[in-house]
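Next come the chains, spelled out residue by residue.
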Amino acid sequence: MIVPIVVGLALGWIGLVGTIFGVILAGFPRALLMANAGGAWDNAKKYIEIEGIEVNGQRFGKKSEPHKNAVVGDVVGDPFKDTTGPSLNPLIKVVNTVSIVFAPVIALVSLINPAAGPLIMHLISILMA
C-alpha cells in the first residue's frame, strides 16, 4: 500500500489528509451498498424459489424466466456480499495505518523543503517505469 506514502511525499500533509478523507468517504458507503445489494440479490432468488412471483397476473416459480434472471443476479450478489463489500473495511484501515506510520516522515519532508514534493514524485515515477 504505497499510495498514501506517494501522495504524502508528493502533495504534503494536506494531500495525505485529503486522501484519507476520500478513502473513508467513498469506501464506507460503497461497502454498505455492495454488502446490502448482494444480500438483496441473493434473497430475491430464494424468494422466487420458495414463494414464487406474480407478474401481470401470471405466477412464476423455479425454472422460469424471472428465476433465471434472479440466478444471474445471485451470481453477482454472492461475491458482493461475501468478499467485495467486507474487504473495503480493511482497505480503509490499511490506508489509515500506513498514513499514521509515515506521517512523521511526510511532515519532516514538508517542513524541510516544501518544493521536495515534485522532485520525490519524479524519482518515484522513474523507479516505477
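Reading the values: the criteria
- Residues numbered from 1 in each chain as written.
- Predicted model: local features only at pLDDT ≥ 70, side-chain atom pairs only at ≥ 80, totals over all residues.
- Heavy atoms only, no water.
- Helix = DSSP H or I, 4+ residues; strand = E, 2+ residues; numbered from the N terminus.
- Expected span 1.5 Å × (residues − 1).
- Bend = angle between axes of the 7 residues up to and from the residue.
- Buried < 20%, exposed > 50% of the residue type's maximum accessible area, 1.4 Å probe, protein only.
- Contact = heavy atoms within 4.5 Å.
- Patch = residues over 30% accessible without salt bridge, like charges linked within 9 Å, V, L, I, M, F, W, Y side chains within 5 Å.
- Areas by Shrake-Rupley, 256 points an atom, 1.4 Å probe, with all protein chains shown as cover.
- Salt bridge = Lys/Arg side-chain N within 4 Å of Asp/Glu carboxyl O.
- pLDDT = per-residue confidence, 0-100.
- Phe/Tyr/Trp six-rings, centres within 6.5 Å; stacked < 30°, edge-to-face > 60°.
- Axes fitted to C-alpha atoms, helices over the stretch in contact; angles between N-to-C directions.
- Parallel < 35°, antiparallel > 145°, perpendicular 65-115°, else oblique.
- Left-handed = near helix turned anticlockwise from the far one by under 90°.
- Nonpolar A, V, L, I, M, F, W, Y, C, P; charged D, E, K, R; others polar.

Considering helix α2 (residues 65-112)
Point 1. Taking 1.5 Å of rise per residue, the 48 residues of α2 would be expected to cover 70 Å, and the 66 Å separating its terminal C-alpha atoms lies within 8% of that figure.
Point 2. The sharpest bend along α2 measures roughly 50 degrees and falls at Phe102, with the proline Pro104 sitting one to four residues further on.
Point 3. Within α2, the full set of buried residues consists of His67, Ala70, Gly73, Asp74, Gly77, Gly85, Leu88, Ile92, Val95, Val98, Ser99 and Ile106.
Point 4. The elements touched by buried residues of α2 are α1 (3-50).

What about a nonpolar patch on the surface?
Point 1. On the surface, Trp13, Ile14, Val17, Phe21, Ile24 and Leu25 cluster together into a nonpolar patch covering about 650 Å² of accessible area.
Point 2. Relative to the assigned elements, Leu25 resides in helix α1.
Point 3. You can call Leu25 exposed: its relative accessible area is 64%.

Considerations on the pattern of salt bridges
Point 1. Under the defined criterion, the tally for this structure stands at six salt bridges.
Point 2. Across the pair Asp42 and Lys46 runs a salt bridge whose closest N-O atoms are separated by 3.2 Å. Here Lys46 and Asp42 lie together in helix α1, a separation of four residues that amounts to about one turn.
Point 3. Among the residues examined, Asp42 registers a relative accessible area of 8% and is labelled buried.
Point 4. Several salt bridges converge on common partners, so that one network encompasses Asp42, Lys46, Asp78, Lys81 and Asp82.

Overview of the environment of Lys62
Point 1. One can find Lys62 in the loop between β2 (58-60) and α2.
Point 2. Residues contacting Lys62, with those up to four places away along its chain left out, are Ile48, Glu49 and His67.

Notes on the confidence of the model for the protein
Parts of the model with low pLDDT should not have their predicted coordinates read in detail.
Point 1. Overall, the predicted model of the protein reaches an average pLDDT of 83, with 90% of residues at or above 70.
Point 2. Within the protein, the lowest mean pLDDT, 68, falls on helix α3 (residues 116-128), and the highest, 87, falls on β2.

Looking at the packing of aromatic side chains
The relative placement of two aromatic rings is captured by the distance of their centres and the angle of their planes.
Point 1. Overall, the coordinates contain one aromatic pair when judged by the stated rule.
Point 2. When the centroid spacing of 5.8 Å and the interplanar angle of 45 degrees are considered together, the rings of Trp41 and Phe80 count as tilted. Of this pair, Trp41 sits in helix α1 while Phe80 sits in helix α2, placing them 39 residues apart in sequence.
Point 3. Assessed through its relative accessible area of 37%, Trp41 is described here as partly exposed.
Point 4. Classification of Phe80 by relative accessible area gives partly exposed; the value is 23%.

A few points about α1
Point 1. Look at α1: only 47 Å from first C-alpha to last across 48 residues, short of the 70 Å you get at 1.5 Å a residue.
Point 2. The largest bend in α1 amounts to roughly 135 degrees and is located at Gly12.

Looking at the packing of α1 against α2
Point 1. Viewed as axis vectors pointing N to C, α1 and α2 meet at an angle of 160 degrees, and their least axial separation amounts to 6 Å. Relative to α2, α1 is oriented roughly antiparallel. Relative to α2, the crossing made by α1 is left-handed.
Point 2. For the contact of α1 with α2, the class distribution of residues is 28 nonpolar, 13 polar and seven charged.

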